[in-house]
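Chain by chain, the residues run as shown.
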Amino acid sequence: AAVKRFDGPALVVAGAALAGLLLDYVNRSEGLGWILDAAYAQDLRNRLERIRTLLEAEDYLGAEVELIAFLERVDGATADQQRPEAWGLLHYNGQVLLEQVRSSIPILLELTPGKVERMLGQEAAFTVTAVRGTRRVAGLPVHVWVEGPHAGLVWDGETDGSGQFVVRDGYALSLIHI
């Protein structure tokens with residue numbers, strides 16, 4: 001049997017351009033017989049068009065959600081829908097795009113409870129959670145300081161494996177800064 005070769009470009013491509021390149025990969029894979037189901041190929045094209053549109057609008061959170069769904073679709077395809085060559089091409093390049101998108105999403109810090117105030121002498125407890133898009137961020141350095149009756153009180157550390165930095169302290173707090 002003749003070996004079909006895929007000659008993709010050796011470029012560094014990012015964002016909406018990479019989504020467009022993935023669209024091209026779907027078309028080429030279908031032409032090479034790597035994608036066997038026309039409805040599946042059209043579904044992938046529709047998903048990639050949405051992703052490209054979201055990236056052009058710099059809606060990275062929306063693009064992340066769509067990319068996760070795209071990758072789940074690629075990973076869940078049957079042997080009647082795609083060959084391993086198409087899976088590798090779309091999966092690994094989709095992962096690259098997902099990591100690029102995730103790096104564009106700002107990290108949000110959530111304080112729980114939302115406001116930390118206690119009377120003098122009462123224990124204060126709070127959690128800082130670092131979130132980027134749909135994932136918590138582990139290993140993020142955290143510096144927390146207090147204003148008010150105990151100004152100058154400071155906690156340093158980093159978020160744990162679940163993206164959280166937990167503080168329990170016997171001091172009263174009036175205003176927390178992260």
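Preceding this paragraph is the structure being described.
Values in this document were obtained by computation on a predicted structure and should not be read as measured data.

Chemist: Give a detailed account of the nonpolar core, specifying residues and quantitative values.
Modeler: Proteins that are soluble and globular tend to have nonpolar side chains buried together. By size, the foremost hydrophobic cluster in this structure holds 30 residues, and its most contacted members are Ile35, Leu44, Ile51, Phe70, Leu90 and Leu97. Elements represented by at least two residues in this core include exactly α1 (15-31), α2 (38-56), α3 (60-76) and α4 (84-104). The residues contacting Leu90, other than those within four sequence positions of it, are Leu22, Tyr25, Val26, Ile35, Leu44, Phe70, Leu71, Val74 and Gln82. Judged by nonpolar contacts, the second largest core, of 9 residues, contains Phe126, Val146, Trp155 and Val167.

Chemist: With reference to specific residues and values, describe the side chain of Thr127.
Modeler: You can see Thr127 is positioned in strand β2 (residues 124-132). The class for Thr127 is buried, based on a relative accessible area of 16%. Sequence-distant contacts of Thr127, that is, excluding residues within four places in its chain, are made with Glu110, Leu111, Thr112, Gln164, Phe165 and Val166.

Chemist: Account for the pattern of salt bridges, naming residues and giving values.
Modeler: Counted according to the given criterion, the structure contains 9 salt bridges. Among the salt bridges present, the one from Asp24 reaches Arg28, with a minimum N-O distance of 2.8 Å. Here Asp24 and its partner Arg28 are both found in helix α1, 4 residues apart, which amounts to about one turn of the helix. You can call Arg28 partly exposed: its relative accessible area is 34%.

Chemist: Quick rundown of the packing of α1 against α2? Include the residues and the values.
Modeler: Remark: α1 packs on α2, axes separated minimally by 8 Å, with the N-to-C direction vectors making an angle of 170°. With respect to their mutual orientation, α1 and α2 come out roughly antiparallel. Judged by residue contacts, Gly15, Ala16, Ala19, Gly20, Leu22, Leu23, Val26, Asn27 and Glu30 of α1 engage Ala38, Ala41, Leu44, Arg45, Leu48, Glu49, Ile51, Arg52, Leu55 and Glu56 from α2. Classifying every residue of the contact of α1 with α2 gives 11 nonpolar, 3 polar and 5 charged.

Chemist: Tell me about α2, residues and numbers included.
Modeler: Taking 1.5 Å of rise per residue, the 19 residues of α2 would be expected to cover 27 Å, and the 27 Å separating its terminal C-alpha atoms lies within 8% of that figure. Taken together, the buried residues of α2 touch α1, α3 and α4. Sitting at the head of α2, Asp37 places a side-chain oxygen 2.9 Å from the backbone nitrogen of Ala39. Directly beyond the C-terminal end of α2, a positive phi value near 60° is found at Glu58.

Cut-off values and rules
- Residues numbered from 1 in each chain as written.
- Predicted model: local features only at pLDDT ≥ 70, side-chain atom pairs only at ≥ 80, totals over all residues.
- Heavy atoms only, no water.
- Core = buried A, V, L, I, M, F, W, Y, C linked by side-chain atoms within 4.5 Å.
- Buried < 20%, exposed > 50% of the residue type's maximum accessible area, 1.4 Å probe, protein only.
- Helix = DSSP H or I, 4+ residues; strand = E, 2+ residues; numbered from the N terminus.
- Contact = heavy atoms within 4.5 Å.
- Salt bridge = Lys/Arg side-chain N within 4 Å of Asp/Glu carboxyl O.
- Axes fitted to C-alpha atoms, helices over the stretch in contact; angles between N-to-C directions.
- Parallel < 35°, antiparallel > 145°, perpendicular 65-115°, else oblique.
- Nonpolar A, V, L, I, M, F, W, Y, C, P; charged D, E, K, R; others polar.
- Expected span 1.5 Å × (residues − 1).
- Polar contact = N/O pair within 3.5 Å; in protein donor to acceptor, adjacent residues only side chain to side chain.

Limitation: the analysis is restricted to geometry and does not speak to function.
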